[in-house]
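Summary of structural features
The lines below spell out each chain.
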Amino acid sequence: MRKAKPKKRVILPDPVYNDKKVSKFVNHLMYDGKKTKSYEIFYNALEVVKGKMSNEEKTALEVWKTALDNITPQVEVKSRRIGGATFQVPTEIRPDRKESVSMKNMIAFARKRSGKSMADKLAAEIMDAFNNQGGAYKRKEDMHRMAEANRAFAHFRF
């Protein structure tokens, strides 16, 4: 690598919960620079979660954070070409990438869901992830299964 690493951008905390993680999530959720709309969708989704999981002792934000933790992968496989053959090499994921991957998975599977509004779909995905089910949780399990199956190639790590 010849060039210097780019500087990390400073992300400001969100206005309601004063949390940087929420801001990152909203940035991933955003389309075409419509950040206000993304915040609206996210906060409405948390309202739906609060309404449906009222018997839970946790707040909606804590439920969302737990759901994110439940779908955060620890290892992933990367393709590595060695001697003409391509191997799927399991590698640990950097902490900032873990967070990013889990957020993107949650949003992607929420968008695929059938439902009325994006807020409803996101709320359903959050509740599923909190209960260790749903598409995003399945994706994490698949990533771990792939890494486990290819553990024999772990010595090819770079």
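Look up: the structure comes first, before these words.
Conventions and cut-offs
Residues numbered from 1 in each chain as written. Predicted model: local features only at pLDDT ≥ 70, side-chain atom pairs only at ≥ 80, totals over all residues. Heavy atoms only, no water. Helix = DSSP H or I, 4+ residues; strand = E, 2+ residues; numbered from the N terminus. Expected span 1.5 Å × (residues − 1). Buried < 20%, exposed > 50% of the residue type's maximum accessible area, 1.4 Å probe, protein only. Contact = heavy atoms within 4.5 Å. Pairing = 2+ DSSP bridges. Phe/Tyr/Trp six-rings, centres within 6.5 Å; stacked < 30°, edge-to-face > 60°.

**Here we look at helix H2 (residues 35–52)**
The first and last C-alpha atoms of H2 sit 26 Å apart over 18 residues, in line with the 26 Å expected at 1.5 Å per residue. Every buried residue of H2 is accounted for by Ser38, Tyr39, Ile41, Phe42, Tyr43, Ala45, Leu46 and Val49. Tucked inside the fold, the buried residues of H2 contact helix H1 (20–29), helix H3 (60–70) and helix H5 (118–130).

**Examining the pairing of strand E2 (residues 85–92)**
Inspection of the sheet shows strand E1 (residues 75–82) paired to E2 by eight bridges, in the antiparallel sense. Bridge pairing links serine 79 to glutamine 88 in E2.

**Re the packing of aromatic side chains**
Here a ring pair, both rings aromatic, is described through the centre-centre distance and the interplanar angle of the planes. Scanning the model with the defined rule gives seven aromatic pairs in all. Look at phenylalanine 25 and tryptophan 64: their rings are 5.3 Å apart centre to centre, the planes differ by 80°, and that puts the pair in the edge-to-face class. Pair noted here: phenylalanine 25 is in helix H1 and tryptophan 64 is in helix H3, with a separation of 39 residues, a long-range link. Taken as a pair, phenylalanine 25 and tryptophan 64 share a single burial class, namely buried.

**Here's the deal with the side chain of asparagine 105**
Checked against the element boundaries, asparagine 105 lands in helix H4 (residues 95–112). The exposure class of asparagine 105 is buried, given its relative accessible area of 9%. Setting aside residues no more than four positions away along its own chain, asparagine 105 makes contact with Ala136 and Arg139.

So yeah, pure geometry; function would need other evidence.
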